Amino acid sequence: MTVRGYAPGRVNLIGEHTDYNDGFALPIALGVGATAEFDGAPGARVLEVSSREEDGAVAVPLSTAPGADTVPGWAAYVAGCVWALREHGVAVPGGRMTISSDVPVGAGLSSSAAIECAVLEALTAASPSPVPDRTTLARIAQRAENEYVGAPTGLLDQMSSLYGAEDTALLLDFRSLDVDPVPMRLGDDVLLAVDSRSPHRHAAGEYRARREACEAAAAELGVPALRDADDDAWRALSGDEQRRRARHVLTENRRVLEAAAALRRGDHAAFGALMNASHASMRDDFEITIPAIDAIAATAVESGAYGARMTGGGFGGTVVVLASAEAARRITAELPGIVSGAGFPEPAVTPVRPGRGAHVA
Ligand code: GLA
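Residues numbered from 1 in each chain as written. Predicted model: local features only at pLDDT ≥ 70, side-chain atom pairs only at ≥ 80, totals over all residues. Heavy atoms only, no water.

### Considerations on the nonpolar core
Soluble globular proteins tend to pack their nonpolar side chains together in the buried interior. With 75 residues, the main nonpolar core has Leu26, Leu47 and Met97 as its most contacted residues. Per-element tally for this core: the top contributor is helix H1 (residues 75-87), with 9 residues. The residues that make up this core include at least three from each of domain 1 (2-180) and domain 2 (184-351). When neighbours within four sequence positions are excluded, Leu47 is seen to be in contact with Phe38, Val58, Ala59, Val60, Leu62, Val78, Val82, Pro93, Gly95, Arg96, Met97 and Leu123. In terms of nonpolar packing, the next biggest core, distinct from the first, is built from 39 residues, Tyr207, Cys214, Ala246 and Val249 among them. (Core = buried A, V, L, I, M, F, W, Y, C linked by side-chain atoms within 4.5 Å. Buried < 20%, exposed > 50% of the residue type's maximum accessible area, 1.4 Å probe, protein only. Helix = DSSP H or I, 4+ residues; strand = E, 2+ residues; numbered from the N terminus. Domains from an automatic or database assignment. Contact = heavy atoms within 4.5 Å.)

### A word on the domain arrangement of the protein chain
Its domain assignment divides the protein chain into domain 1 (2-180) and domain 2 (184-351). The interface is formed by 33 residues belonging to domain 1 together with 40 residues belonging to domain 2. Note on domain 1 versus domain 2: buried area summed over both sides is about 3,000 Å², and carbon and sulfur give 61% of it. Taken together, the links from domain 1 to domain 2 amount to 4 salt bridges. In this structure, Arg227 and Asp173 form a salt bridge, with 3.0 Å as the shortest nitrogen-oxygen distance. Our count for the contact surface shared by domain 1 and domain 2 stands at 20 residue pairs in polar contact (both at pLDDT 80 or more). (Buried area = accessible area lost by both parts, 1.4 Å probe. Salt bridge = Lys/Arg side-chain N within 4 Å of Asp/Glu carboxyl O. Polar contact = N/O pair within 3.5 Å; in protein donor to acceptor, adjacent residues only side chain to side chain.)

### Things to note about the pairing of strand E1 (residues 2-14)
The element E1 is largely enclosed, with a buried count of 11 among its 13 residues. Here E1 runs beside strand E2 (residues 24-40); their pairing, made up of 11 bridges, is antiparallel. The residue of E2 that forms the bridge with Val3 is Phe38. (Pairing = 2+ DSSP bridges.)

### With respect to the pattern of salt bridges
If you walk through the whole model with that rule in mind, you get 25 salt bridges. The partner of Glu37 in a salt bridge is Arg52, with the nearest N and O atoms 3.6 Å apart. In this pair, Glu37 sits in strand E2 while Arg52 sits in the loop between strand E3 (46-51) and strand E4 (58-61), placing the two residues 15 residues apart along the sequence. The exposure class assigned to Glu37 is partly exposed, which follows from its relative accessible area of 21%. For Arg330, the salt bridge goes to Glu326, with nearest N and O atoms at 3.5 Å. Separated by 4 residues within a single helix, Arg330 and Glu326 lie in helix H9 (residues 325-341), roughly one turn from each other.

### Structural notes on a negative patch on the surface
On the surface, a cluster of negative charge is made up of Glu53, Glu54, Asp55 and Asp102. Counting through the fold element by element, Asp102 comes out in the loop between strand E5 (95-101) and helix H2 (111-126). (Patch = residues over 30% accessible without salt bridge, like charges linked within 9 Å, V, L, I, M, F, W, Y side chains within 5 Å. Areas by Shrake-Rupley, 256 points an atom, 1.4 Å probe, with all protein chains shown as cover. Lys, Arg positive; Asp, Glu negative; His and termini not counted. Charge placed at Lys NZ, Arg CZ, Asp CG, Glu CD.)

Right, dumping it as structure tokens:
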């Protein structure tokens, strides 16, 4: 019997690089995602994985572990989930798995978390072990990514994919791991994802460097995480760069809470202003944007958007825009030409809305 696990990508509306600082974020799950189709083979000690988007099947031994025999490439996300599930005490069945995904890769929309969560949905549904709760699944996926794949990411992407719901943004608290659903009624307004089509460069090393800077700032302030520092504690830090890194995180946490309140009131103008402030903070203080992304965000706002900001880890990827229907029409028609005319790759504009989270399909 075939088991199908589905899990979406995400757009983070606000709250970037806050997850590993025990802070807050406000993402939505997307209507595009990854599917993992699994057929068990009784007694098999291997998971044969193939992808509709990539060539070649990969044999993942169920005993796979980080280290010498780590499975390379895209299949590492699958192998990492096999390893992390077994580490958690879940019996993983052998068999065949086919992955397909319509989340664009490298666009900052969490294509890898979508694969991880789809794989976990399929393998836990097919396993005789009890299915872990959603937050535990998110931690298992994060462990796969941190310890098997070797990317020091937080829990934002997996929590978004696993808890997403239609017409709902998720106010996430990364200390308590509480998920507070915030109704998102777009009404006549529109949410756009503008893919910069600019490849991520040095993103992994820069991500790690930002994380280390935050940890160093927390240590200097004598707090467990930047979440625990007062709003203006950044002033006491030594060094301009260190102060700006911490200021981004502290002000971003505050903006997330204000944005969730604005969304509950249906105040999209106030929400947009917070998106713009978040973008400026990522550009000037955290320094994770690139000129193509800044050009997209600025053009969207000049075209009448309530707000626009880069979403995801940075150094490329996607700008999320909140706009009235009229401004959205103008942006869709004119922004790609304006941005490519300024010498950047021509962006792709797609309307998005909050979609359903991971499930067995
Ligand atoms: C990437 C990481 C997340 C988060 C964001 C930035 O998407 O995977 O854990 O840190 O960057 O907010």
